[in-house]
Amino acid sequence: MQWETVIGLEIHAQLATQSKIFSAASTAFGAEPNTQACPVDLGMPGILPVVNQEVVRMAVMFALATNAEIGQRSVFERKNYFYPDLPKGYQTSQFEFPIVGKGKVEIVLEDGSTKVVGLTRAHLEEDAGKSVHDLYSEFSAIDLNRAGTPLLEIVSEPDMRSAKEAVAYAKKIHSLVRYLGICDGNMQEGSFRCDANVSVRLKGESEFGTRAEVKNVNSFRFLERAINFEVERQIDLLESGGTVVQETRLYDPTKDETRSMRSKEDAEDYRYFPCPDLLPVVIEEADIQSIRDALPELPDQRLNRYQSQWQLSGDDARLLVQDRSVAEYFEAVANQADPKLASNWMVNEVIVRLDKDSIEIERSPVGPSQLAALIARIADKTINGKIGRQILDALWSGEASDVDSYIADKGLKQVTDTGAIEAWVDEVIANSPDQVQQIKEGKDKVMGFLVGQAMKLSKGKANPAQLSELFKAKILG
Amino acid sequence: MALSADDLHRAAKLARLNVAPQSQQAQLDALNAVMEMVSAMQSVDTSDVEPMAHPLFQSQVLREDVAVEPNQRDKYQASAPNTDAGYYLVPKVIE
């Protein structure tokens, strides 16, 4: 049987404000338990929440960046349920009139094609506190520092058809909120959380299958694995005559599986109603315009600019623009050195090294000016690419700090003395009669061997292109 | 529309309330009296009336994003039944 996967994502982006959505308590991460929970967050009697203007501005920025409708009159409602880390007995959220309506984003798939994913809505809400179950044997410990932290819940249409598409979409939203500066995107600290609604259906079927909601996914890698596991589980279940039940499932990364958390049969009755403590939030056209005027350059615009201004390939440009900090680093390099070379060195060297060492570009041991200086020496042929990589390693480890003085100290300057180069070439030709014969017979590939031998003699300091020319001239005449 | 005993139990469960068997009928009668009163309003045609989110015809005043709330944990925790190491302690709940 041919199955089709259907995925929709709910992303909770923690908005990067100083204070909470309805109170003036701090949102800073990592404070001592309950030191950032004031009477509003604690749900004390007689409190009155007041909406933080920044959350409204940030939600409008998101709407503008995703071509979404803006709810110019949005309404906060109470979502009622009981849990110890929800002191009021309801979560203040939005339901019927969210601040962001229908929108869309474009994602790029692995084969280079693009796909538009619909956004159903995005609404403002407060986060709950944190329950710690393993500190005490008989109690759950409650920390309400997180209670009242502003969230933008971004709900997609069920438009994704594979785990890879879901990851591409999640990364796109991640990139957007980071560009907009409305969320730090830190998945480990829970500032950016993805829940996936996953179902399967037979290919060609128009109705959706019953979905399960997969929670607790705190990296893009886990998102892909959790969805793939869930798809397999549902297909196995259906092919063996079972049925999928609508439920919430928790992903366990250590076992790489999802397991049932709670059945939604009768639990999901949140009895939403408008919050009497809060008036509708009204956004004037003039406010929207001033927010639009202040929008930063977004990843797609930056991508187009890199391609037109610097003639970068789509793949390279896409890799460079995805993260705002990487893009800014790259631009700092490209403004001081050849942009095309800068792009190659970013994509093939810097990003690879950052991934390998698992560090963010903000903590890169090599700064943009150092990289630009290195690239300048390659561009003016002072050094070749191979030596360049060697110097980058030295900069990375901290062995070198200044490119020019390191080249001078270590004598890494490319040899341009034709006499010396000729001597190496002659020596290699004398020692490699077989290979020389093969070149004469037209086996060009052997040239690599000869150039390699000569590079060795030069201790890496010759110019490979120049060597190759000289070999051709001497062997083929 | 009259509420049944099942409706009452469902509402009570959602509100985490216990309804004693001997008071069930009285509760149901009281709730149904409220429902009846509300149902009178159902006869009004509201098809072209915008739903009202709040009885005041005003919009929300927004506050500036500044974190000025001091830490008064000890004061707030004084009224809690059980605290330790800064945490509120509650009966173990794992869903």
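Because the structure is a prediction, the values reported are computed rather than measured. Residue positions are counted from 1 within each chain, in the order its sequence is given. Chain letters start at A and ligand numbers start at 1, both assigned in the order the entries are written. With pLDDT at 70 or above as the cut-off, local features in this predicted model cover only qualifying residues; side-chain atom pairs require 80 or more to be listed or tallied, and sums for whole chains, interfaces and linings still use all residues. Side-chain measures were taken over the full set of non-hydrogen atoms in the model, leaving aside hydrogen atoms and water.

Enquirer: I would appreciate a short explanation of the pairing of strand E10 (residues 150-156) of chain A in the present structure.
Expert: All names here are of chain A. Exposed residues in this analysis have more than 50% of their type's maximum accessible area, buried residues have under 20%, and partly exposed residues fall in between, with area computed by a 1.4 Å probe over protein chains only. Runs of H or I in DSSP of at least four residues are treated as helices and runs of E of at least two as strands, each being numbered from the N terminus. By the criterion of burial, E10 is predominantly enclosed, with 7 of the 7 residues buried. Of the two faces of E10, the one carrying Pro150, Leu152, Ile154 and Ser156 and the one carrying Leu151, Glu153 and Val155 are both buried. Between any two strands, pairing holds if DSSP finds at least two bridges. Where strand E1 (residues 3-14) lies against E10, 5 bridges are found, and the strand directions are antiparallel. For Glu10, the partnering residue across the bridge sits in E10 and is Val155.

Enquirer: Can you help me understand the sheet that holds strand E15 (residues 273-274) of chain A in this one?
Expert: The strands that make up a sheet pair up through hydrogen bonds in the backbone, lying either parallel or antiparallel. Residues and elements named next belong to chain A. Taken together, the 3 strands give an open sheet; going across it, the order is E5-E4-E15, and neighbouring strands pair in antiparallel fashion. At either margin of the open sheet sits one strand with a lone partner, and together these are strand E5 (90-94) and E15. Pairing geometry for strand E4 (residues 76-80) and E15, over 2 bridges, is antiparallel. For Arg78, the partnering residue across the bridge sits in E15 and is Phe273.

Enquirer: What should I look at first to understand the interface of chain B and chain A in this one?
Expert: Accessible area lost upon the coming together of the parts serves often as the stated size of an interface. In this description, contact between two residues means that some pair of their heavy atoms is separated by no more than 4.5 Å. The interface is formed by 39 residues belonging to chain B together with 57 residues belonging to chain A. Accessible-area loss on putting two parts together, using a 1.4 Å probe and summing over both, is the definition of buried area adopted here. For the pair chain B and chain A, the two sides together bury roughly 4100 Å², of which 58% comes from carbon and sulfur. Between Lys or Arg on one side and Asp or Glu on the other, a salt bridge is scored when a side-chain nitrogen of the former is within 4 Å of a carboxyl oxygen of the latter. Taken together, chain B and chain A are joined by 2 salt bridges. Here B:Glu50 ties to A:Arg73 by a salt bridge, and the two come within 3.6 Å at their closest N and O atoms. Think of a polar contact as two N or O atoms within 3.5 Å of one another; within protein, one of them needs to be a possible hydrogen donor and the other a possible acceptor, and neighboring residues in sequence only count if both atoms come from side chains. Our count for the chain B to chain A interface comes out at 24 residue pairs in polar contact (both at pLDDT 80 or more). Among the elements of the structure, helix H1 (5-14), strand E1 (62-63), helix H3 (73-77) and strand E3 (87-91) of chain B are those that each provide at least two residues to the side of chain B that touches chain A. Three categories are distinguished: nonpolar for Ala, Val, Leu, Ile, Met, Phe, Trp, Tyr, Cys and Pro, charged for Asp, Glu, Lys and Arg, and polar for the others, with Gly belonging to the last. Residue composition of the side of chain B that touches chain A, by class: 19 nonpolar, 8 polar and 12 charged. Two elements, strand E2 (residues 51-52) of chain A and E1(B), share 2 bridges in a ladder whose sense is parallel. Considered in E1(B), the bridge of A:Val51 is made with B:Leu62.

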